[in-house]
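# Commentary on secondary and tertiary structure
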Amino acid sequence: MLIALALAAAAPPVDLTGTWAATMEVVTSAKIPVLGKTDVHTYQWMVATITPKGEGFRVHHDACAFRAESKPSLASTSFPKAFVDSIPDRDYDVSYVTGDPGVVARMHVGFVAVGWDPARGAFPETLDAPSVIDWDRDGTPAATVQLKIPIFGRVDVYQAQAQDLWFDLSKVTADVIEGTVRIEGMRQRTLGASNRLFIQNPALKQDPARSKVRFTRAAAGAGCAVAP
């Protein structure tokens, strides 16, 4: 029995090599004046390639699409193609862990800066801060997100975001990888808008327990067509 347990413990992890389609849902809560607490669900679809690295694996993923929903619904949110195209590809390791109940592995996706450049200064509080850049190259500063609001129509908001992104994985098999999403140091600020009424910055709180990530194996070499 002891020998069998030792052999099981020494067995290599399942082979993750290949192409994967991934879906990430991040849930944040905001307290909005008059309207009260609102949950925002942001969805991101990705295509990932996993390759061997030493005794583990290395992930490379490309963002394909985004969508956001608020509950209760206050407005529809869309991310222009320029926004999606400006999200950089990410490279990170699969790190197997022990001693953490419910977590078998982690992926540290890393620090993400949207709408600003950390090399040019601190996280911006105003649209004219030195670190603000035309991140999505659409001719306006910061990163443009579009809101469609009853009565007001379309409103462009110019945002800066910062987050350190982790995937805490509870399941890692040859065909499915899934777990929760944890964001450390999350900051988001609306720096400007095409309608000044929508320059608002309610406090945000991410909910790791309700934020999910799921990878499913896809055909070798598949691109963003596998995203929903």
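Residues numbered from 1 in each chain as written. Predicted model: local features only at pLDDT ≥ 70, side-chain atom pairs only at ≥ 80, totals over all residues. Heavy atoms only, no water.

Here we take up a nonpolar patch on the surface. Together, I151, F152 and L197 give the surface a local cluster of nonpolar side chains, amounting to about 370 Å² of exposed area. As for its placement among the helices and strands, F152 is situated in the loop between β7 (143-149) and β8 (153-172). (Patch = residues over 30% accessible without salt bridge, like charges linked within 9 Å, V, L, I, M, F, W, Y side chains within 5 Å. Areas by Shrake-Rupley, 256 points an atom, 1.4 Å probe, with all protein chains shown as cover. Salt bridge = Lys/Arg side-chain N within 4 Å of Asp/Glu carboxyl O. Helix = DSSP H or I, 4+ residues; strand = E, 2+ residues; numbered from the N terminus.)

Now for the pairing of strand β9 (residues 176-193). Pairing of β8 with β9, which is carried by 14 bridges, proceeds in the antiparallel orientation. Considered in β9, the bridge of Y158 is made with G192. Hairpin geometry of β8 and β9 is characterised by an intervening segment of three residues between the two adjacent antiparallel strands. (Pairing = 2+ DSSP bridges.)

Before going further, it helps to spend a moment on the pattern of salt bridges. Using the criterion set out here, one finds 14 salt bridges in the structure. Salt-bridge contacts for E125 lead to R187; the nearest nitrogen and oxygen are separated by 2.9 Å. Linking E125 in the loop between β6 (105-114) and β7 with R187 in strand β9, this pair joins segments that are 62 residues apart in sequence. Overall, R187 belongs to the partly exposed group, its relative accessible area being 39%. R182 is the salt-bridge partner of E184, the closest N and O atoms lying 2.6 Å from each other. Its relative accessible area of 36% is what places E184 among the partly exposed residues. Each member of the salt-bridge network shares a partner with another, and the members are R106, D168, R182 and E184. (Buried < 20%, exposed > 50% of the residue type's maximum accessible area, 1.4 Å probe, protein only.)

Burial of β6 is extensive: eight of the 10 residues sit out of reach of the surface. Inspection of the sheet shows strand β5 (residues 90-96) paired to β6 by three bridges, in the antiparallel sense. Residue V94 lies in a different strand from β6, and its bridge partner there is M107. Two strands pair when backbone bridges link them, and β6 and β8 are joined in this way by nine bridges, in the antiparallel orientation. Residue pairing across strands places A113 opposite A162, the latter belonging to β8.

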